[in-house]
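What the coordinates show
One letter stands for each residue in the lines below.
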Amino acid sequence: MSIDSAVIDRAISYIQNFFAGDSSGHDAFHSLRVYKTALAIAERENADQGIAALAALLHDVDDAKLSPATCAGKENAAAFLRREEIPEEIAARILHIIDQVSFRGTDSVIPDTIEGKCVQDADRLDALGAIGIARTFAYGGSRGRALYDPAILPALGMDEAAYRAHVAPSLNHFYEKLFLLKDMMATQTGRAIAEKRDAYMHTFVEEFLAEWEGIPGSS
Ligand code: ADP
Ligand code: NI
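What counts and how
Residues numbered from 1 in each chain as written. Chains lettered and ligands numbered in written order. Predicted model: local features only at pLDDT ≥ 70, side-chain atom pairs only at ≥ 80, totals over all residues. Heavy atoms only, no water. Helix = DSSP H or I, 4+ residues; strand = E, 2+ residues; numbered from the N terminus. Buried < 20%, exposed > 50% of the residue type's maximum accessible area, 1.4 Å probe, protein only. Contact = heavy atoms within 4.5 Å. Areas by Shrake-Rupley, 256 points an atom, 1.4 Å probe, with all protein chains shown as cover. Lys, Arg positive; Asp, Glu negative; His and termini not counted. Charge placed at Lys NZ, Arg CZ, Asp CG, Glu CD. Salt bridge = Lys/Arg side-chain N within 4 Å of Asp/Glu carboxyl O. Near = heavy atom within 4 Å. Polar contact = N/O pair within 3.5 Å; in protein donor to acceptor, adjacent residues only side chain to side chain. Nonpolar A, V, L, I, M, F, W, Y, C, P; charged D, E, K, R; others polar.

Description of the overall build of the chain
Helix and strand content of the chain: eleven helices and zero strands. Reading the chain from its N terminus to its C terminus gives the helix and strand order α-α-α-α-α-α-α-α-α-α-α. For the chain, the spread of C-alpha atoms along the principal axes amounts to about 65 × 35 × 30 Å. Out of the 219 residues in the chain, the part that is buried amounts to 48%. Put simply, 64% of the contacts in the chain that link residues at least 6 apart link residues at least 24 apart. A total of about 10,900 Å² of accessible surface is found on the chain, and carbon and sulfur atoms cover 54% of it. Mean positive and mean negative side-chain charge positions of the chain (21 and 33 charges, respectively) differ by 1 Å.

Structure below.
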């Protein structure tokens, strides 16, 4: 499906305006990185680039954390697609992808389209690596969460309801979500990039925990 480049430009302006002032790691640059990565994966996986592009750009405008009131009906993305006169069948495909993208603990789904797999992998890759580390602590700060508290252990095996209701120090997020993502990647391309970013995060968490103990010889 070829999507007019003017539509893509307006989608970019829309998210820049929508996420202006976000300090939770979900600013417009996040959606732009997901867009760029989703297109690169789509090219390698022979997926429809137009569908992947619009789904990537719009994937967080009805997110459960960021816009809980519109999450179920995807009203923000649907309204944008209607304004742009995207044919209904194409719009439905895009909204379906957006619905499947988000991490839901043990209720997470593997998208049933190749374009959905590309966008989900791209979104998850942006949760990993150096940027993923930065976003995790930005998100925690935006919600008033501690960096770490050794007395609060990570909660494993959460379903969607438990995951959404869960409040914990940011470091726990590595065990509760980020270290799980490598094995949840849906494309070969995504998996290869995820492995490198996962290794980097493990090194970071090891160093964090070592520094937490103070320098050797201190008490
Ligand atoms: P998803 O919908 O799959 O959760 P997002 O695009 O909304 O993906 O981005 C999720 C990112 O937001 C996380 O990877 C992390 O950086 C941050 N985040 C979300 N929830 C938490 C949390 N409970 N603690 C720390 N960071 C979080
Ligand atoms: Ni996202």
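Section: the pattern of salt bridges
For the coordinates displayed, the defined rule picks out twelve salt bridges. For Glu 89, the salt bridge goes to Arg 93, with nearest N and O atoms at 3.8 Å. Note that Glu 89 and Arg 93 are positioned in helix H6 (residues 88–101) at a spacing of four residues, about one turn of the helix. The class for Arg 93 is partly exposed, based on a relative accessible area of 35%. Close ionic contact of Arg 104 with Asp 99 constitutes a salt bridge, the shortest N to O distance being 3.8 Å. Residue Arg 104 is classed as buried on the basis of its relative accessible area of 14%. Residues joined in a network through salt bridges with shared partners are Lys 74, Asp 99, Arg 104, Glu 160 and Arg 164.

Considerations on the site of ligand 1
The local shell around ligand 1 holds 17 residues, among which His 26, Lys 65, Ser 102, Phe 103 and Arg 145 are the closest. Here Asp 123 contributes a side-chain N or O atom positioned 2.9 Å from an oxygen atom of ligand 1. For ligand 1, whose unbound accessible area comes to 560 Å², protein coverage reaches 95%. Contributing elements (two or more residues each) for the shell around ligand 1: helix H8 (129–142) and helix H10 (172–181). Its residues placed into classes, the shell around ligand 1 shows four nonpolar, six polar and seven charged.

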